[in-house]
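Listed here are the chains, written in short residue letters.
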Amino acid sequence: MRFLKYIILTTIILICSISIHAQELERHLQKGLLTINPEDTYNYCKEMVKPEYAGRYTGHKGYTDAAMWAAGLFKKWKLKPLNKQDGYLQEFPAPYCIIKTAEMKLLLKDGKTVTLKHEEDYLPLLSTDSGINTAGVVFGGWGVHAPELNYDDYQGVDVRGKYVLCFRGIPDRREPGFGKHNEHRHRMKIAKQKGALGIFYIYDKPISNPNMDWIDGFTPTVISEKTADILFAEKGIKAADLRRDLQTYKRPISFELSSKISYRVESDHYPDGTGYNVVGYIEGTDPELKKECIVIGGHFDHCGNHLGILFPGANDNASGSAVVMEAAEAFSKTGKRPKRSVVFVLFGAEEMGLKGSTYFVDNVPLQFTKVDAMYNFDMTGEGDKARGSATPSPAEFGEGIKAADIHVKTLSRLGEIRGTGGGSDYAPFNRAGITCATFSSNGPHLHYHRSGDNIYRVNPDIMADITRLVYIAAYRWADR
Ligand SMILES: [Zn+2]
(Lines give C-alpha, C1' and ligand atoms only; values in the text may rest on other atoms or scores of the structure.)
Protein backbone atom coordinates (compact mmCIF):
# COMPACT_ATOMS: atom_id res chain seq x y z
CA MET A 1 0.00 0.00 0.00
CA ARG A 2 2.78 2.39 0.98
CA PHE A 3 4.47 1.45 -2.24
CA LEU A 4 1.34 2.27 -4.23
CA LYS A 5 1.11 5.67 -2.50
CA TYR A 6 4.71 6.31 -3.44
CA ILE A 7 4.04 5.42 -7.07
CA ILE A 8 0.98 7.72 -7.21
CA LEU A 9 2.86 10.55 -5.55
CA THR A 10 5.89 10.34 -7.85
CA THR A 11 3.63 10.12 -10.89
CA ILE A 12 1.86 13.30 -9.81
CA ILE A 13 5.19 15.05 -9.22
CA LEU A 14 6.44 13.88 -12.62
CA ILE A 15 3.32 15.08 -14.45
CA CYS A 16 3.49 18.43 -12.64
CA SER A 17 7.15 18.95 -13.43
CA ILE A 18 6.65 17.99 -17.08
CA SER A 19 3.75 20.40 -17.43
CA ILE A 20 5.68 23.19 -15.68
CA HIS A 21 8.53 22.76 -18.12
CA ALA A 22 6.20 22.35 -21.04
CA GLN A 23 4.59 25.65 -20.07
CA GLU A 24 7.96 27.35 -19.94
CA LEU A 25 8.98 26.13 -23.35
CA GLU A 26 7.44 27.94 -26.30
CA ARG A 27 5.00 25.80 -28.29
CA HIS A 28 6.84 26.04 -31.59
CA LEU A 29 10.04 24.88 -29.87
CA GLN A 30 8.22 21.87 -28.46
CA LYS A 31 7.27 21.00 -32.02
CA GLY A 32 10.85 21.29 -33.28
CA LEU A 33 12.13 19.27 -30.31
CA LEU A 34 9.98 16.33 -31.36
CA THR A 35 12.05 15.98 -34.54
CA ILE A 36 15.32 15.62 -32.62
CA ASN A 37 16.19 12.03 -31.83
CA PRO A 38 19.29 9.92 -31.12
CA GLU A 39 18.73 7.57 -34.09
CA ASP A 40 19.07 10.40 -36.62
CA THR A 41 22.34 11.67 -35.15
CA TYR A 42 23.72 8.14 -35.02
CA ASN A 43 22.73 7.44 -38.62
CA TYR A 44 24.44 10.63 -39.84
CA CYS A 45 27.62 9.56 -38.05
CA LYS A 46 27.36 6.07 -39.52
CA GLU A 47 27.13 7.53 -43.01
CA MET A 48 30.07 9.91 -42.50
CA VAL A 49 32.46 7.19 -41.28
CA LYS A 50 31.86 4.97 -44.34
CA PRO A 51 35.11 3.82 -45.98
CA GLU A 52 34.08 5.37 -49.33
CA TYR A 53 34.35 8.83 -47.74
CA ALA A 54 37.95 7.89 -46.83
CA GLY A 55 38.10 9.72 -43.52
CA ARG A 56 36.67 12.99 -45.00
CA TYR A 57 40.05 14.45 -45.82
CA THR A 58 39.55 17.97 -47.21
CA GLY A 59 40.63 18.15 -50.86
CA HIS A 60 40.22 14.42 -51.39
CA LYS A 61 37.28 13.00 -53.36
CA GLY A 62 36.01 11.21 -50.23
CA TYR A 63 35.48 14.55 -48.49
CA THR A 64 33.82 16.13 -51.51
CA ASP A 65 31.43 13.17 -51.92
CA ALA A 66 30.51 13.35 -48.23
CA ALA A 67 29.96 17.13 -48.52
CA MET A 68 27.61 16.53 -51.45
CA TRP A 69 25.66 13.99 -49.41
CA ALA A 70 25.25 16.55 -46.60
CA ALA A 71 24.25 19.25 -49.12
CA GLY A 72 21.56 16.84 -50.34
CA LEU A 73 20.11 16.71 -46.82
CA PHE A 74 20.17 20.52 -46.56
CA LYS A 75 18.19 20.59 -49.81
CA LYS A 76 15.74 17.95 -48.56
CA TRP A 77 15.07 20.08 -45.48
CA LYS A 78 14.51 23.09 -47.78
CA LEU A 79 17.31 25.18 -46.31
CA LYS A 80 18.21 28.09 -48.56
CA PRO A 81 21.51 27.57 -50.39
CA LEU A 82 24.54 29.85 -50.04
CA ASN A 83 23.71 31.22 -53.52
CA LYS A 84 22.21 30.05 -56.81
CA GLN A 85 25.53 29.46 -58.54
CA ASP A 86 27.34 27.38 -55.92
CA GLY A 87 24.34 25.79 -54.24
CA TYR A 88 25.30 24.69 -50.75
CA LEU A 89 29.06 24.41 -51.31
CA GLN A 90 31.44 27.25 -50.45
CA GLU A 91 34.73 26.53 -52.19
CA PHE A 92 38.21 27.39 -50.86
CA PRO A 93 41.81 26.28 -51.57
CA ALA A 94 42.90 23.19 -49.60
CA PRO A 95 46.29 21.67 -50.47
CA TYR A 96 46.68 18.16 -49.05
CA CYS A 97 48.89 15.03 -49.03
CA ILE A 98 48.13 11.32 -49.01
CA ILE A 99 50.73 8.99 -47.51
CA LYS A 100 51.12 5.83 -49.55
CA THR A 101 53.90 3.82 -47.94
CA ALA A 102 56.31 4.21 -45.04
CA GLU A 103 58.94 2.13 -43.31
CA MET A 104 60.98 3.04 -40.26
CA LYS A 105 63.82 1.18 -38.55
CA LEU A 106 65.93 2.09 -35.54
CA LEU A 107 69.60 1.19 -36.05
CA LEU A 108 70.75 1.07 -32.44
CA LYS A 109 74.22 1.76 -31.06
CA ASP A 110 74.58 -1.86 -29.91
CA GLY A 111 74.07 -3.10 -33.49
CA LYS A 112 70.46 -4.21 -33.07
CA THR A 113 67.76 -3.19 -35.56
CA VAL A 114 64.19 -2.49 -34.48
CA THR A 115 61.47 -2.36 -37.16
CA LEU A 116 58.59 -0.10 -36.16
CA LYS A 117 54.86 -0.55 -36.72
CA HIS A 118 52.55 2.10 -38.24
CA GLU A 119 50.34 3.91 -35.75
CA GLU A 120 51.52 1.80 -32.81
CA ASP A 121 55.17 2.99 -32.86
CA TYR A 122 55.18 5.88 -35.34
CA LEU A 123 53.05 7.74 -37.84
CA PRO A 124 54.17 10.22 -40.51
CA LEU A 125 52.60 13.64 -40.01
CA LEU A 126 50.10 14.06 -42.80
CA SER A 127 51.78 16.90 -44.71
CA THR A 128 55.05 15.05 -45.13
CA ASP A 129 57.10 15.10 -48.33
CA SER A 130 58.50 11.79 -49.63
CA GLY A 131 61.98 10.86 -48.47
CA ILE A 132 64.48 8.00 -48.09
CA ASN A 133 67.28 8.52 -45.59
CA THR A 134 69.39 6.72 -43.03
CA ALA A 135 70.53 9.47 -40.72
CA GLY A 136 71.73 10.43 -37.27
CA VAL A 137 69.38 11.63 -34.55
CA VAL A 138 69.68 14.73 -32.37
CA PHE A 139 67.51 15.20 -29.30
CA GLY A 140 66.49 18.87 -29.43
CA GLY A 141 64.32 19.47 -26.35
CA TRP A 142 61.24 21.41 -27.48
CA GLY A 143 62.77 22.24 -30.88
CA VAL A 144 62.58 25.92 -29.93
CA HIS A 145 64.94 28.56 -31.34
CA ALA A 146 64.06 31.82 -29.57
CA PRO A 147 67.12 34.09 -29.37
CA GLU A 148 64.77 37.00 -28.47
CA LEU A 149 64.06 35.14 -25.21
CA ASN A 150 67.62 33.87 -24.71
CA TYR A 151 66.52 30.30 -25.35
CA ASP A 152 67.87 27.95 -28.05
CA ASP A 153 67.43 24.18 -28.15
CA TYR A 154 69.71 24.14 -31.23
CA GLN A 155 72.69 25.65 -29.45
CA GLY A 156 75.73 23.34 -29.42
CA VAL A 157 74.21 20.68 -31.69
CA ASP A 158 74.46 20.27 -35.44
CA VAL A 159 71.26 18.93 -37.00
CA ARG A 160 72.30 19.21 -40.66
CA GLY A 161 71.28 16.05 -42.53
CA LYS A 162 69.83 14.55 -39.33
CA TYR A 163 66.46 13.99 -37.69
CA VAL A 164 65.49 16.21 -34.76
CA LEU A 165 63.73 14.41 -31.92
CA CYS A 166 61.67 16.74 -29.75
CA PHE A 167 58.62 17.21 -27.56
CA ARG A 168 55.59 19.31 -28.41
CA GLY A 169 55.60 22.23 -26.04
CA ILE A 170 57.59 25.26 -24.91
CA PRO A 171 60.05 25.89 -22.08
CA ASP A 172 57.80 28.27 -20.15
CA ARG A 173 54.04 28.58 -20.56
CA ARG A 174 53.93 31.79 -18.49
CA GLU A 175 56.09 33.60 -21.08
CA PRO A 176 53.73 34.79 -23.86
CA GLY A 177 56.70 35.32 -26.20
CA PHE A 178 57.00 31.54 -26.57
CA GLY A 179 53.46 31.33 -28.02
CA LYS A 180 54.39 31.24 -31.72
CA HIS A 181 57.20 28.75 -31.01
CA ASN A 182 54.59 26.16 -30.04
CA GLU A 183 53.07 26.09 -33.52
CA HIS A 184 53.95 23.14 -35.75
CA ARG A 185 54.43 25.42 -38.75
CA HIS A 186 56.96 27.60 -36.99
CA ARG A 187 58.88 24.75 -35.35
CA MET A 188 59.15 22.89 -38.65
CA LYS A 189 60.28 25.97 -40.56
CA ILE A 190 63.10 26.48 -38.02
CA ALA A 191 64.16 22.80 -38.15
CA LYS A 192 64.26 22.98 -41.96
CA GLN A 193 66.30 26.22 -41.85
CA LYS A 194 68.77 24.49 -39.52
CA GLY A 195 69.18 21.76 -42.14
CA ALA A 196 67.24 18.92 -40.47
CA LEU A 197 65.61 16.20 -42.61
CA GLY A 198 62.55 16.13 -40.40
CA ILE A 199 61.13 16.57 -36.93
CA PHE A 200 60.18 13.48 -34.93
CA TYR A 201 57.75 14.48 -32.20
CA ILE A 202 57.63 12.30 -29.10
CA TYR A 203 53.97 11.73 -28.17
CA ASP A 204 52.53 9.28 -25.70
CA LYS A 205 50.91 7.53 -28.69
CA PRO A 206 51.27 8.54 -32.36
CA ILE A 207 48.32 10.52 -33.75
CA SER A 208 47.37 11.64 -37.25
CA ASN A 209 47.66 15.37 -37.91
CA PRO A 210 47.68 17.50 -41.10
CA ASN A 211 47.89 20.88 -39.33
CA MET A 212 51.17 22.06 -40.89
CA ASP A 213 52.63 23.19 -44.21
CA TRP A 214 54.16 20.81 -46.72
CA ILE A 215 57.92 21.55 -46.84
CA ASP A 216 60.11 20.39 -49.71
CA GLY A 217 62.37 17.51 -48.63
CA PHE A 218 61.09 17.54 -45.03
CA THR A 219 59.55 14.47 -43.36
CA PRO A 220 57.85 15.30 -40.04
CA THR A 221 56.67 12.31 -38.02
CA VAL A 222 55.33 11.33 -34.61
CA ILE A 223 56.93 8.51 -32.63
CA SER A 224 55.60 6.93 -29.45
CA GLU A 225 57.27 7.53 -26.12
CA LYS A 226 58.07 3.81 -26.06
CA THR A 227 59.95 4.16 -29.36
CA ALA A 228 61.85 7.19 -28.02
CA ASP A 229 62.83 5.19 -24.93
CA ILE A 230 64.42 2.53 -27.16
CA LEU A 231 66.59 5.28 -28.69
CA PHE A 232 67.41 6.91 -25.34
CA ALA A 233 68.45 3.56 -23.78
CA GLU A 234 72.04 4.10 -25.02
CA LYS A 235 72.20 7.08 -22.60
CA GLY A 236 70.44 5.23 -19.78
CA ILE A 237 67.56 7.75 -19.70
CA LYS A 238 63.86 7.86 -20.45
CA ALA A 239 61.79 10.37 -22.43
CA ALA A 240 59.60 11.14 -19.39
CA ASP A 241 62.69 12.16 -17.36
CA LEU A 242 63.91 14.44 -20.14
CA ARG A 243 60.52 16.13 -20.41
CA ARG A 244 60.35 16.64 -16.65
CA ASP A 245 63.88 18.12 -16.55
CA LEU A 246 63.09 20.49 -19.43
CA GLN A 247 59.97 21.66 -17.58
CA THR A 248 61.74 21.97 -14.25
CA TYR A 249 64.98 23.73 -15.26
CA LYS A 250 63.59 25.64 -18.27
CA ARG A 251 66.91 25.44 -20.11
CA PRO A 252 67.97 23.38 -23.13
CA ILE A 253 69.14 19.76 -22.83
CA SER A 254 70.17 18.84 -26.38
CA PHE A 255 72.50 16.03 -27.48
CA GLU A 256 73.29 13.75 -30.38
CA LEU A 257 72.61 10.01 -30.19
CA SER A 258 74.83 7.29 -31.63
CA SER A 259 71.82 5.33 -32.90
CA LYS A 260 70.49 6.11 -36.36
CA ILE A 261 67.08 6.01 -38.01
CA SER A 262 66.40 4.51 -41.40
CA TYR A 263 63.22 6.07 -42.75
CA ARG A 264 61.43 5.81 -46.06
CA VAL A 265 58.14 7.58 -46.67
CA GLU A 266 56.24 8.05 -49.92
CA SER A 267 53.47 10.63 -50.18
CA ASP A 268 51.46 12.31 -52.94
CA HIS A 269 51.16 16.06 -52.62
CA TYR A 270 48.17 17.92 -54.12
CA PRO A 271 48.96 21.65 -53.85
CA ASP A 272 45.86 22.57 -55.88
CA GLY A 273 43.34 20.73 -53.71
CA THR A 274 39.88 22.27 -53.26
CA GLY A 275 37.91 22.21 -50.02
CA TYR A 276 34.26 23.01 -49.31
CA ASN A 277 32.14 24.33 -46.48
CA VAL A 278 28.57 23.08 -46.68
CA VAL A 279 26.31 26.10 -46.07
CA GLY A 280 22.51 26.35 -45.85
CA TYR A 281 20.21 28.71 -43.97
CA ILE A 282 16.76 29.55 -42.70
CA GLU A 283 15.80 33.11 -43.51
CA GLY A 284 14.73 35.35 -40.62
CA THR A 285 11.27 36.90 -40.58
CA ASP A 286 12.17 40.47 -39.58
CA PRO A 287 12.86 42.59 -42.70
CA GLU A 288 15.89 44.26 -41.06
CA LEU A 289 17.13 41.68 -38.54
CA LYS A 290 17.15 38.88 -41.12
CA LYS A 291 20.31 40.47 -42.55
CA GLU A 292 22.03 39.35 -39.35
CA CYS A 293 22.75 35.68 -38.95
CA ILE A 294 23.40 33.17 -36.21
CA VAL A 295 25.84 30.43 -37.27
CA ILE A 296 25.47 26.86 -36.03
CA GLY A 297 28.60 25.03 -37.17
CA GLY A 298 31.05 22.20 -36.71
CA HIS A 299 33.84 20.70 -38.76
CA PHE A 300 32.94 17.99 -41.22
CA ASP A 301 36.50 16.94 -42.09
CA HIS A 302 38.88 14.52 -40.46
CA CYS A 303 42.29 12.98 -41.14
CA GLY A 304 41.68 10.74 -44.15
CA ASN A 305 43.07 7.35 -45.10
CA HIS A 306 46.85 6.92 -45.13
CA LEU A 307 49.06 3.82 -45.30
CA GLY A 308 45.84 1.81 -45.57
CA ILE A 309 44.72 3.11 -42.16
CA LEU A 310 41.29 4.74 -42.12
CA PHE A 311 40.81 7.58 -39.65
CA PRO A 312 37.01 7.60 -39.44
CA GLY A 313 36.71 10.54 -37.04
CA ALA A 314 33.37 9.41 -35.61
CA ASN A 315 33.68 11.46 -32.44
CA ASP A 316 35.95 14.04 -34.15
CA ASN A 317 33.85 15.29 -35.77
CA ALA A 318 31.07 13.26 -37.38
CA SER A 319 29.37 13.74 -33.99
CA GLY A 320 29.47 17.56 -34.10
CA SER A 321 28.40 17.53 -37.77
CA ALA A 322 25.46 15.30 -36.80
CA VAL A 323 24.42 17.88 -34.18
CA VAL A 324 24.53 20.66 -36.79
CA MET A 325 22.48 18.57 -39.26
CA GLU A 326 19.91 17.49 -36.67
CA ALA A 327 19.54 21.11 -35.53
CA ALA A 328 19.05 22.18 -39.16
CA GLU A 329 16.27 19.64 -39.58
CA ALA A 330 14.59 20.77 -36.35
CA PHE A 331 14.69 24.45 -37.41
CA SER A 332 13.27 23.52 -40.81
CA LYS A 333 10.37 21.63 -39.21
CA THR A 334 9.52 24.13 -36.46
CA GLY A 335 6.81 25.72 -38.58
CA LYS A 336 7.92 29.17 -37.43
CA ARG A 337 11.08 31.14 -38.08
CA PRO A 338 13.02 33.45 -35.77
CA LYS A 339 13.63 37.15 -36.54
CA ARG A 340 17.26 36.66 -37.54
CA SER A 341 18.53 34.17 -40.12
CA VAL A 342 20.15 30.96 -38.92
CA VAL A 343 23.03 29.58 -40.99
CA PHE A 344 24.14 25.95 -40.71
CA VAL A 345 27.76 25.35 -41.70
CA LEU A 346 29.75 22.13 -41.95
CA PHE A 347 33.31 23.41 -42.15
CA GLY A 348 36.11 21.85 -44.20
CA ALA A 349 39.82 21.73 -43.34
CA GLU A 350 39.51 22.36 -39.62
CA GLU A 351 42.14 19.67 -39.08
CA MET A 352 44.45 21.53 -41.47
CA GLY A 353 44.32 24.64 -39.29
CA LEU A 354 40.75 26.06 -39.20
CA LYS A 355 40.91 26.84 -42.91
CA GLY A 356 37.21 26.45 -43.76
CA SER A 357 35.95 28.53 -40.82
CA THR A 358 38.58 31.21 -41.45
CA TYR A 359 37.47 31.36 -45.08
CA PHE A 360 33.81 31.66 -44.01
CA VAL A 361 34.55 34.53 -41.60
CA ASP A 362 36.49 36.33 -44.35
CA ASN A 363 33.75 35.63 -46.92
CA VAL A 364 30.43 35.85 -45.09
CA PRO A 365 27.62 35.18 -47.62
CA LEU A 366 26.55 38.47 -49.20
CA GLN A 367 22.92 38.28 -48.05
CA PHE A 368 24.12 38.92 -44.50
CA THR A 369 25.54 42.17 -43.16
CA LYS A 370 26.95 40.50 -40.05
CA VAL A 371 27.30 37.31 -38.04
CA ASP A 372 25.56 38.02 -34.74
CA ALA A 373 26.67 34.87 -32.89
CA MET A 374 28.21 31.46 -33.50
CA TYR A 375 27.66 28.06 -31.82
CA ASN A 376 30.40 25.47 -32.47
CA PHE A 377 30.32 21.70 -31.95
CA ASP A 378 33.50 19.64 -31.86
CA MET A 379 33.74 16.11 -30.41
CA THR A 380 30.20 15.84 -29.09
CA GLY A 381 29.84 12.06 -29.31
CA GLU A 382 31.86 10.43 -26.57
CA GLY A 383 30.50 10.61 -23.02
CA ASP A 384 27.13 11.39 -21.46
CA LYS A 385 27.18 15.12 -20.63
CA ALA A 386 27.92 18.36 -22.47
CA ARG A 387 30.65 20.84 -21.71
CA GLY A 388 30.65 24.33 -23.10
CA SER A 389 32.37 27.70 -23.08
CA ALA A 390 30.99 31.04 -24.18
CA THR A 391 32.31 34.54 -24.65
CA PRO A 392 31.56 36.42 -21.41
CA SER A 393 29.83 39.34 -23.07
CA PRO A 394 27.02 39.94 -23.61
CA ALA A 395 26.15 38.05 -20.43
CA GLU A 396 22.65 37.27 -21.77
CA PHE A 397 24.18 34.99 -24.40
CA GLY A 398 25.65 32.56 -21.85
CA GLU A 399 22.56 32.93 -19.66
CA GLY A 400 20.45 31.92 -22.66
CA ILE A 401 22.43 28.69 -22.97
CA LYS A 402 21.92 27.95 -19.27
CA ALA A 403 18.20 28.75 -19.55
CA ALA A 404 17.90 26.36 -22.50
CA ASP A 405 19.59 23.67 -20.44
CA ILE A 406 16.75 23.78 -17.89
CA HIS A 407 14.78 21.79 -20.51
CA VAL A 408 17.60 19.42 -21.43
CA LYS A 409 19.81 19.02 -18.34
CA THR A 410 22.90 18.02 -20.23
CA LEU A 411 25.34 20.84 -19.47
CA SER A 412 27.89 19.91 -16.80
CA ARG A 413 29.65 23.28 -17.06
CA LEU A 414 29.72 26.48 -19.07
CA GLY A 415 33.12 28.13 -18.93
CA GLU A 416 34.36 31.35 -20.49
CA ILE A 417 36.13 31.75 -23.82
CA ARG A 418 39.12 33.91 -22.98
CA GLY A 419 41.75 35.37 -25.29
CA THR A 420 41.83 34.83 -29.05
CA GLY A 421 43.34 31.34 -29.31
CA GLY A 422 41.57 28.01 -29.48
CA GLY A 423 41.85 24.99 -31.73
CA SER A 424 38.36 24.73 -33.14
CA ASP A 425 36.15 26.61 -35.60
CA TYR A 426 34.77 29.19 -33.15
CA ALA A 427 38.26 30.75 -32.94
CA PRO A 428 38.18 32.76 -36.23
CA PHE A 429 34.70 34.06 -35.25
CA ASN A 430 35.93 34.99 -31.77
CA ARG A 431 38.95 36.77 -33.24
CA ALA A 432 36.58 38.79 -35.43
CA GLY A 433 34.78 39.97 -32.28
CA ILE A 434 31.71 37.75 -32.78
CA THR A 435 29.87 36.39 -29.74
CA CYS A 436 30.42 32.63 -29.66
CA ALA A 437 30.07 29.40 -27.75
CA THR A 438 31.71 26.01 -28.24
CA PHE A 439 30.53 22.62 -27.04
CA SER A 440 31.94 19.14 -26.65
CA SER A 441 30.87 16.05 -24.77
CA ASN A 442 32.63 15.11 -21.53
CA GLY A 443 34.65 12.31 -23.14
CA PRO A 444 37.05 10.64 -22.36
CA HIS A 445 37.86 11.02 -26.14
CA LEU A 446 40.20 8.06 -25.84
CA HIS A 447 41.05 7.55 -29.51
CA TYR A 448 41.65 11.17 -30.48
CA HIS A 449 43.01 11.31 -34.07
CA ARG A 450 43.57 7.55 -34.12
CA SER A 451 41.97 4.80 -36.19
CA GLY A 452 40.04 3.72 -33.09
CA ASP A 453 37.82 6.83 -33.26
CA ASN A 454 35.08 4.73 -34.86
CA ILE A 455 31.30 4.58 -34.68
CA TYR A 456 31.41 2.45 -31.52
CA ARG A 457 32.81 5.43 -29.61
CA VAL A 458 29.75 7.63 -30.07
CA ASN A 459 26.73 7.79 -27.80
CA PRO A 460 23.58 8.77 -29.76
CA ASP A 461 21.86 10.16 -26.63
CA ILE A 462 24.48 12.80 -25.91
CA MET A 463 24.39 14.00 -29.54
CA ALA A 464 20.59 14.34 -29.34
CA ASP A 465 20.81 16.19 -26.00
CA ILE A 466 23.38 18.65 -27.32
CA THR A 467 21.18 19.22 -30.39
CA ARG A 468 18.18 19.99 -28.13
CA LEU A 469 20.32 22.44 -26.17
CA VAL A 470 21.49 24.40 -29.21
CA TYR A 471 18.08 24.26 -30.84
CA ILE A 472 16.42 26.03 -27.91
CA ALA A 473 19.28 28.42 -27.13
CA ALA A 474 19.97 29.43 -30.76
CA TYR A 475 16.29 29.81 -31.71
CA ARG A 476 15.64 32.15 -28.80
CA TRP A 477 18.85 34.09 -29.44
CA ALA A 478 17.95 34.50 -33.12
CA ASP A 479 14.40 35.57 -32.19
CA ARG A 480 15.31 38.17 -29.54
ZN1 LIG B 1 37.73 18.27 -34.06
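Fair warning: this is a prediction, and the values are worked out from it, not measured in the lab.

Honestly, the environment of His-118 in this entry has me stumped. Any pointers?
Along the chain, His-118 falls in the loop between β4 (113–115) and β5 (122–124). In this structure the C-alpha to C-alpha distance between His-118 and Thr-101, which are 17 residues apart in sequence, comes to 9.9 Å. A polar contact of 3.0 Å, which involves the side chain of His-118, links it to the backbone oxygen of Ala-102.

What am I meant to see in the side chain of Thr-128 here?
Mapped onto the elements, Thr-128 comes out in the loop between β5 and β6 (131–140). Note on Thr-128: relative accessible area 0%, which makes it buried. Contacts of Thr-128, omitting those with residues within four sequence positions, involve Cys-97, Ile-99, Trp-214, Phe-218, Thr-219, Pro-220, Val-265 and Ser-267.

Would you mind going over the packing of aromatic side chains with me for this structure?
Where two aromatic rings form a pair, the distance of their centres and the angle of their planes describe that pair. Following the criterion strictly, the structure yields 30 aromatic pairs and no others. Here Phe-139 and Phe-232 contribute two aromatic rings whose centre-to-centre distance is 5.4 Å and whose plane-to-plane angle is 85°, an arrangement assigned as edge-to-face. Taken as a pair, Phe-139 in strand β6 and Phe-232 in helix α6 (residues 225–232) lie far apart in primary sequence, 93 residues in all. Phe-232 matches Phe-139 in its accessibility class, with the two residues each being buried. Members of the aromatic cluster, connected to one another through ring pairs, are Tyr-44, Trp-69, Phe-74, Trp-77 and Tyr-88.

So what exactly am I meant to see when it comes to the pattern of salt bridges here?
Pairs can form between side chains of opposite charge once their charged atoms are near each other. If you walk through the whole model with that rule in mind, you get 24 salt bridges. The salt bridge partner of Glu-283 is Lys-80, with a shortest N-O separation of 3.9 Å. Taken together, the residues Glu-283 in the loop between β13 (274–282) and β14 (292–299) and Lys-80 in strand β1 (residues 80–81) connect sequence positions 203 residues apart. A salt bridge links Arg-185 to Asp-213, with the shortest nitrogen-to-oxygen separation between them at 3.0 Å. Pair noted here: Arg-185 is in helix α5 (residues 184–193) and Asp-213 is in the loop between β10 (198–203) and β11 (221–224), with a separation of 28 residues, a long-range link. Residue Arg-185 is classed as partly exposed on the basis of its relative accessible area of 27%.

Sorry if this is basic, but what is going on with the coordination of the zinc ion here?
Expected angles at a metal are 109.5 degrees for tetrahedral coordination by four donors and either 90 or 180 degrees for octahedral coordination by six donors. Surrounding the zinc ion are the protein donor atoms His-299 (NE2), Asp-316 (OD), Asp-378 (OD) and Asp-378 (OD), which sit 2.0 to 2.8 Å from the metal. Classification of the site at the zinc ion as irregular follows from its 4 donor atoms and the range of 50 to 149° in their angles at the metal. Each donor residue of the zinc ion belongs to the same chain, with the gaps between them written as H-x16-D-x61-D. With His-299 in strand β14 and Asp-316 in helix α8 (residues 314–332), this pair connects stretches of sequence that are 17 residues apart. When its relative accessible area of 3% is taken as the criterion, Asp-316 is described as buried.

Help me understand the domain arrangement of the protein in this model?
It is common to report an interface's size as the accessible area lost on association of the parts. Each assigned domain of the protein is listed with its residue range as follows: domain 1 (26–90 + 271–478) and domain 2 (102–265). When each unit is reduced to the centre of its C-alpha atoms, the spacing between domain 1 and domain 2 is 35 Å. The interface is formed by 14 residues belonging to domain 1 together with 14 residues belonging to domain 2. Taken together, the two surfaces of domain 1 and domain 2 that pack against each other cover about 1,200 Å², and 57% of this comes from carbon and sulfur. When residues of domain 1 are sorted by the area they lose upon contact with domain 2, Leu-307, His-449 and Arg-450 head the list and together hold 43% of the total. Here domain 1 is connected to domain 2 by 0 salt bridges. On inspection of domain 1 and its partner domain 2, the count reaches 6 residue pairs in polar contact (both at pLDDT 80 or more). Taken together, the residues that form the side of domain 1 that touches domain 2 break down as 7 nonpolar, 4 polar and 3 charged.

I'm lost on the nonpolar core in this one. Help?
Across soluble globular proteins, nonpolar side chains have a tendency to be buried as a group. The biggest cluster of nonpolar side chains holds 66 residues, and the ones touching the most others in it are Phe-74, Ile-296, Met-325, Phe-344 and Tyr-375. Considering each element in turn, this core owes the most residues, 13 residues, to helix α12 (residues 460–478). When sequence neighbours within four positions are dropped, the list of residues in contact with Ile-296 reads Val-324, Phe-331, Val-342, Val-343, Phe-344, Val-345, Tyr-375, Phe-377, Val-470 and Ala-474. In this structure, Tyr-57, Ala-94, Ala-102 and Phe-167 belong to the second largest nonpolar core, which totals 47 residues.

Would you mind going over the sheet that holds strand β12 (residues 254–270) with me for this structure?
Sheet strands associate in pairs through backbone hydrogen bonding, adopting either a parallel or an antiparallel arrangement. Taken in spatial order, the 8 strands make up an open sheet running β4-β3-β12-β6-β9-β10-β11-β5, and their pairing is mixed. Because the sheet does not close on itself, it has two edges, and the strands there are β4 and β5. Averaged over neighbouring strand pairs, the angle between their axes works out to 30° when direction is ignored. Of the pairings in the sheet, the one linking β10 to β11 comprises 4 bridges and is parallel in character. Note on β11: the bridge partner recorded for Phe-200 is Thr-221.

Basis of the calculations
- Residues numbered from 1 in each chain as written.
- Predicted model: local features only at pLDDT ≥ 70, side-chain atom pairs only at ≥ 80, totals over all residues.
- Heavy atoms only, no water.
- Helix = DSSP H or I, 4+ residues; strand = E, 2+ residues; numbered from the N terminus.
- Polar contact = N/O pair within 3.5 Å; in protein donor to acceptor, adjacent residues only side chain to side chain.
- Buried < 20%, exposed > 50% of the residue type's maximum accessible area, 1.4 Å probe, protein only.
- Contact = heavy atoms within 4.5 Å.
- Phe/Tyr/Trp six-rings, centres within 6.5 Å; stacked < 30°, edge-to-face > 60°.
- Salt bridge = Lys/Arg side-chain N within 4 Å of Asp/Glu carboxyl O.
- Donors = N, O, S within 2.8 Å, 3.2 Å for Na, K, Ca; no water.
- Tetrahedral: all angles 85-135°; square planar, octahedral: opposite > 155°, others 65-115°.
- Domains from an automatic or database assignment.
- Buried area = accessible area lost by both parts, 1.4 Å probe.
- Nonpolar A, V, L, I, M, F, W, Y, C, P; charged D, E, K, R; others polar.
- Core = buried A, V, L, I, M, F, W, Y, C linked by side-chain atoms within 4.5 Å.
- Pairing = 2+ DSSP bridges.
- Axes fitted to C-alpha atoms, helices over the stretch in contact; angles between N-to-C directions.

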